[in-house]
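Observations on the three-dimensional arrangement
Chain by chain, the residues run as shown.
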Amino acid sequence: GLRCLKLNSVSRVCSAPISDPNHIRLLQWNLLSQTLGQNNDGFVRCPVEALTWENRKYLIVQEILQHNPDILCLQEVDHFKFLQTILGTQNYEGIFFPKPDSPCLYIEENNGPDGCAIFFKRDKFELRNFDTRILEVWRVQSNQVAIAVNLIVKQTGRELCVCTTHLKARHGSLLSKLRNEQGRDLIRFVKQFAGDRAVILCGDFNAEPTEPVYSTILNCEFMKLASAYAEMRAESDECNNESTKDKQALINGCDKVQKSIQNEPPYTTWKIREDGEECHTIDYVFYTKDHLKVKNCLEFPQGDEIGLNRTPSFQYPSDHFSLICDFEVLDSSNESS
Ligand code: NDP
Ligand code: CA
């Protein structure tokens, strides 16, 4: 069903996107690789029929088109040509970069490697240039990638950089160190490519907010990055009822990173595998606060809407929810650098 873009709103209807050139709606989504979801993930509570491409492809397209985003950042894309064809008819242009040694390729009935993709509305933006990166860990290439695009807003000539990634999965302190190194490489790559432009950096970071990579990004010395959902939720909490005032007073006493951690949503993915239920926040939309303001973030469905078998399901084609944020591009005069 439809999710509403107003935080804490009772309305179930999504507002129509604004044609204002300084308004940008971004959708960030790990849409679940078809090959991995069907053959590798072990979603024990998901009916096998729900995992077929025949069922999933309509839900994926619907999830994207119903929100009418200006920019899409996607991970685990292993049907890029399909998306390019469908989204191509809807005014989108896209770029795909596969993982160098995608696990999909080791599964017999694969549809090619999975990777990251960025799509943007071609009537709103002109692509200035793009770059791709195989993320390095201790100067050695890993199996994780990033794409960055510099987009020109046609109506205003203003430029922004959008970058997406999918960091290494799995738990453990070594892997959390590895993700942190990937994050360090990622922000160097983004800064070098973006220069002084506004930046939106989003993806599946496979790391909860308490992991080192989260603070590495928020404490980045080259760019003043903030997390869109955390900022939005802090703001909406501040003008909320009495019961959250004490919580906010506590949070406000913390440093920037601690405050952001506290304000992240409770989950961006919710699934059941053989080893149990996993419900946590690992996907983020970071942005440069000097250039952009978050106006709205789409709330995630609640537990009772999702159902006891969680996701994926006949209702939700991926084990990750889409993150959707409305940004306002601020006047250059607001930029402090
Ligand atoms: P990652 O470890 O980053 O993960 C690959 C995918 O697995 C991700 O899309 C991830 O989804 C998903 N995943 C996460 N947790 C689980 C889980 N508990 N069960 C099932 N799937 C999960 O992959 P790499 O790119 O680093 O590739 C390494 C993997 O690729 C190896 O684990 C191996 O299985 C496979 N491989 C096999 C080879 C071979 O057969 N010879 C050679 C090379 C690779 P999400 O990000 O949403 O969590
Ligand atoms: Ca996955």
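Look above for the structure.
Conventions adopted
Residues numbered from 1 in each chain as written. Chains lettered and ligands numbered in written order. Predicted model: local features only at pLDDT ≥ 70, side-chain atom pairs only at ≥ 80, totals over all residues. Heavy atoms only, no water. Helix = DSSP H or I, 4+ residues; strand = E, 2+ residues; numbered from the N terminus. Rg over C-alpha atoms; globule rule 2.2 N^0.38 Å. Buried < 20%, exposed > 50% of the residue type's maximum accessible area, 1.4 Å probe, protein only. Areas by Shrake-Rupley, 256 points an atom, 1.4 Å probe, with all protein chains shown as cover. Lys, Arg positive; Asp, Glu negative; His and termini not counted. Charge placed at Lys NZ, Arg CZ, Asp CG, Glu CD. Pairing = 2+ DSSP bridges. Axes fitted to C-alpha atoms, helices over the stretch in contact; angles between N-to-C directions. Contact = heavy atoms within 4.5 Å. Near = heavy atom within 4 Å. Polar contact = N/O pair within 3.5 Å; in protein donor to acceptor, adjacent residues only side chain to side chain. 1 Å grid on protein atoms, 1.4 Å probe; cavity = no way out; pocket = protein on both sides within 12 Å on 5 of 7 lines; lining within 4 Å. Sits in = over half its atoms within 2 Å of the grid points. Nonpolar A, V, L, I, M, F, W, Y, C, P; charged D, E, K, R; others polar. Salt bridge = Lys/Arg side-chain N within 4 Å of Asp/Glu carboxyl O. Disulfide = S-S within 2.5 Å. Phe/Tyr/Trp six-rings, centres within 6.5 Å; stacked < 30°, edge-to-face > 60°. Parallel < 35°, antiparallel > 145°, perpendicular 65-115°, else oblique. Left-handed = near helix turned anticlockwise from the far one by under 90°.

A separate point is the overall build of the protein. Along its length, the protein carries 9 helices and 14 strands. At 19 Å, the protein has a C-alpha radius of gyration in line with the 20 Å of a compact globule built from 337 residues. The principal-axis extents of the C-alpha atoms in the protein amount to approximately 55 × 45 × 45 Å. For the protein, the residues scored as buried account for 55% of the 337 residues in total. Carbon and sulfur atoms provide 48% of the accessible area of the protein, an area that totals close to 15,100 Å². Distance between charge centroids for the protein: 3 Å, based on 37 positive and 47 negative side chains.

With that out of the way, let us pick up the sheet that holds strand β9 (residues 225-227). Strand order in this open sheet of 6 strands is β5-β6-β7-β8-β12-β9, and the pairing throughout is mixed. The open sheet has two free edges, formed respectively by β5 (125-137) and β9, since each of these has just one partner strand. Strand-to-strand twist of the sheet, defined as the mean angle between neighbouring strand axes without regard to direction, takes the value 20 degrees. Across 5 bridges, the pairing between strand β8 (residues 198-204) and strand β12 (residues 283-288) is antiparallel. When the sheet's bridge partners are listed, D204 is paired in β12 with D283. Lying over the sheet, helix α4 (residues 173-194) contacts β5, β6 (140-153), β7 (159-166), β8 and β9, oriented at roughly 150 degrees with respect to β5. Running at roughly 65 degrees to β9, helix α6 (residues 228-238) makes contact with β9 and β12 of the sheet.

Our next topic: the site of ligand 1. As a matter of local geometry, ligand 1 sits amid 19 residues, with K99, N143, H166, K168 and N206 nearest to it. Side-chain polar atom of K168 to an oxygen atom of ligand 1: 2.7 Å apart, as the coordinates give it. The contact in question runs from an oxygen atom of ligand 1 to an N or O atom on the side chain of D204, over 3.3 Å. Calculation on ligand 1 without its partners gives an accessible area of 900 Å², and the protein chains cover 72% of this total. The site holding ligand 1 turns out to be the largest pocket. Residues belonging to the shell around ligand 1 are distributed by class as follows: 4 nonpolar, 7 polar and 8 charged.

Here the focus is the side chain of N263. Mapped onto the fold, N263 is located in helix α8 (residues 256-263). For N263, a relative accessible area of 3% puts it in the buried group. Within the local environment of N263, its side chain forms a polar contact with the backbone oxygen of K259, the two atoms lying 3.0 Å apart.

Here we come to the pattern of salt bridges. Under the counting rule described, the total for this entry stands at 21 salt bridges. Put simply, E278 and R273 hold a salt bridge, and the shortest N to O gap is 3.4 Å. Several salt bridges converge on common partners, so that one network encompasses R133, E136, D185 and R188.

It is worth spelling out the state of the cysteines at this point. All chains considered together, the criterion is met by 0 disulfides. Unpaired in terms of disulfides, C116 finds its nearest cysteine sulfur in C163, a separation of 8.6 Å. With relative accessibility at 1%, the residue C116 sits in the buried group. C325 takes part in no disulfide bond, and the closest cysteine sulfur, belonging to C297, lies 3.8 Å away. Taking the relative accessible area as the measure of exposure, C325 reaches 0% and is therefore buried.

Geometrically, a pair of aromatic rings is defined through the distance of the ring centres and the angle of the planes. Under the counting rule described, the total for this entry stands at 15 aromatic pairs. Ring geometry for Y229 and F300: centres 5.2 Å apart, planes at 10 degrees, overall stacked. Linking Y229 in helix α6 with F300 in the loop between β13 (292-297) and α9 (303-306), this pair joins segments that are 71 residues apart in sequence. Look at F300 and you get buried, because its relative accessible area is 9%.

What follows covers the side chain of N150. With respect to the element layout, N150 can be found in strand β6. Looking at N150, its side chain comes within polar contact range of the main-chain oxygen of F193, at 3.3 Å. The residues contacting N150, other than those within four sequence positions of it, are E126, L127, R128, N129, L160, C161, F193, A194 and R197.

Our next topic: the sheet that holds strand β14 (residues 323-329). Taken together, 6 strands build an open sheet; the order of strands is β3-β4-β2-β1-β14-β13 and the sheet is mixed. Here the strands that pair on one side only, and so sit at the sheet edges, are β3 (92-98) and β13. If you compare each strand with its neighbour and ignore which way they point, the axes differ by 20 degrees on average. Here α6 sits on the sheet in contact with β13 and β14, set at roughly 70 degrees to β13.

For the pair helix α2 (residues 53-67) and helix α3 (residues 80-88), interaxial distance at closest approach is 12 Å and the crossing angle is 45 degrees. Judged by the angle between their axes, α2 and α3 are oblique. The crossing of α2 and α3 is right-handed. Listed contacts from α3 to W53, K57, I60, V61, I64 and L65 of α2 are F82, L83, I86 and L87. Residue composition of the contact of α2 with α3, grouped by class: 9 nonpolar, no polar and 1 charged.

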